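Inside the fold
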Amino acid sequence: GPKVPVVSKVGAGDAFVGAFTLGLAEEREPQECLRLGVAAASNAVMTEATRLVDRATTERLARDCALVPL
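For every chain, the first residue of the written sequence is number 1, and numbering continues from 1 onward in sequence order. For this predicted model, a pLDDT threshold of at least 70 governs which residues receive local features, and a threshold of 80 or more governs which side-chain atom pairs are given and counted, while totals over whole chains, interfaces and linings are taken from all residues. Calculation of side-chain values draws on the structure's entire complement of heavy atoms; hydrogens and water are dropped beforehand.

Here the focus is the nonpolar core. Buried Ala, Val, Leu, Ile, Met, Phe, Trp, Tyr and Cys residues that are joined via side-chain atoms within 4.5 Å together make up what is termed a nonpolar core. Think of it in three bands: with a 1.4 Å probe and only protein chains considered, a residue is buried below 20% of the maximum accessible area for its type, exposed above 50%, and partly exposed in between. If you look at the biggest cluster of nonpolar residues, it comprises eight residues: Ala12, Ala15, Ala19, Leu36, Ala40, Ala41, Ala44 and Val45. To qualify as a helix, a DSSP run of H or I must reach at least 4 residues; to qualify as a strand, a run of E must reach at least 2; elements of each kind are numbered from the N terminus. At the level of elements, helix 1 (12–25) and helix 2 (30–45) are the ones that each hand at least two residues to this core. The element contributing the most residues to this core is helix 2, with five residues. In this analysis, two residues are considered to be in contact whenever any of their non-hydrogen atoms come within 4.5 Å of each other. If we skip the residues at most four places from it in the chain, Ala41 touches Ala12, Ala15 and Phe16.

Moving on to helix 3 (residues 55–62). Looking at helix 3, one finds that the buried residues are Thr57, Thr58, Leu61 and Ala62. With its buried residues spanning 140° around the axis, helix 3 presents them on a single face. Whenever two N or O atoms come within 3.5 Å, that pair is a polar contact, provided that in protein one can donate a hydrogen and the other can accept it, and provided that, for residues adjacent in sequence, both atoms are side-chain atoms. The N-capping residue of helix 3, defined by a side-chain oxygen 3.4 Å from the backbone nitrogen of Ala56, is Asp54. Of all possible arcs, the one meant is that of the directions from the helix axis to the C-beta atoms.

On to the packing of helix 1 against helix 2, then. Packing of helix 1 against helix 2 brings their axes to within 7 Å, and their N-to-C directions diverge by 150°. For the element pair helix 1 / helix 2, the angle class is roughly antiparallel. Read as a crossing pair, helix 1 and helix 2 show a hand that is right-handed. Contacts between helix 1 and helix 2 involve Ala12, Ala15, Phe16, Ala19, Phe20, Gly23 and Leu24 on the former and, on the latter, Pro30, Cys33, Leu34, Leu36, Gly37, Val38, Ala40, Ala41, Ala44 and Val45. Looking at the contact of helix 1 with helix 2 residue by residue, the class counts come to 15 nonpolar, two polar and no charged. In this analysis an axis means a line fitted to C-alpha atoms, helices contributing only their contacting stretch, and an angle means the value between N-to-C directions, from 0 to 180 degrees. Oblique is the label for any angle not covered by the other classes, which are roughly parallel (under 35 degrees), roughly antiparallel (over 145) and roughly perpendicular (65 to 115). Handedness of each helix crossing follows the sense of rotation of the near helix against the far helix: counterclockwise by less than a right angle gives left-handed, clockwise gives right-handed. Each residue receives one of three labels: charged for Asp, Glu, Lys and Arg, nonpolar for Ala, Val, Leu, Ile, Met, Phe, Trp, Tyr, Cys and Pro, and polar for the others, Gly being one of them.

To continue, consider the environment of Cys65. When you line up the elements, Cys65 lands in the segment after helix 3. For Cys65, a relative accessible area of 4% gives the class buried. Separated by 42 residues in sequence, Cys65 and Gly23 place their C-alpha atoms 15 Å apart. Those residues within four positions of Cys65 in sequence are excluded, and the remaining contacts are Gly1, Pro2, Arg35, Val38 and Ala39.

What follows covers the packing of helix 2 against helix 3. Between two packed helices, what matters for the description is the angle formed by their axes and the separation of those axes. At a closest axis distance of 8 Å, the pairing of helix 2 and helix 3 adopts a crossing angle of 120°. In this view, helix 2 runs oblique relative to helix 3, as classed from their interaxial angle. In the crossing of helix 2 with helix 3, the sense of the turn from one axis to the other is right-handed. Within the contact between the two elements, helix 2 uses Arg35, Leu36, Ala39, Ala40, Ser42 and Asn43 and helix 3 uses Thr57, Thr58, Glu59, Leu61 and Ala62. Counted by class, the contact of helix 2 with helix 3 contains five nonpolar, four polar and two charged residues.

Shown next, in the form of structure tokens:
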């Protein structure tokens, strides 16, 4: 995931699941859904717990998420 400042960890998991599911609904490739989920979780930790994520920031952060096969 991208290096981001951590303000709050609240909602990071929910943001991941929501963005991953959105990617599936948009018929993205599974690896792109994963990238979007990680970016949304990164976005969530950057904000206060009540604000969480916005799509523009998540899409920007997704470009910084590298996928590495294990």
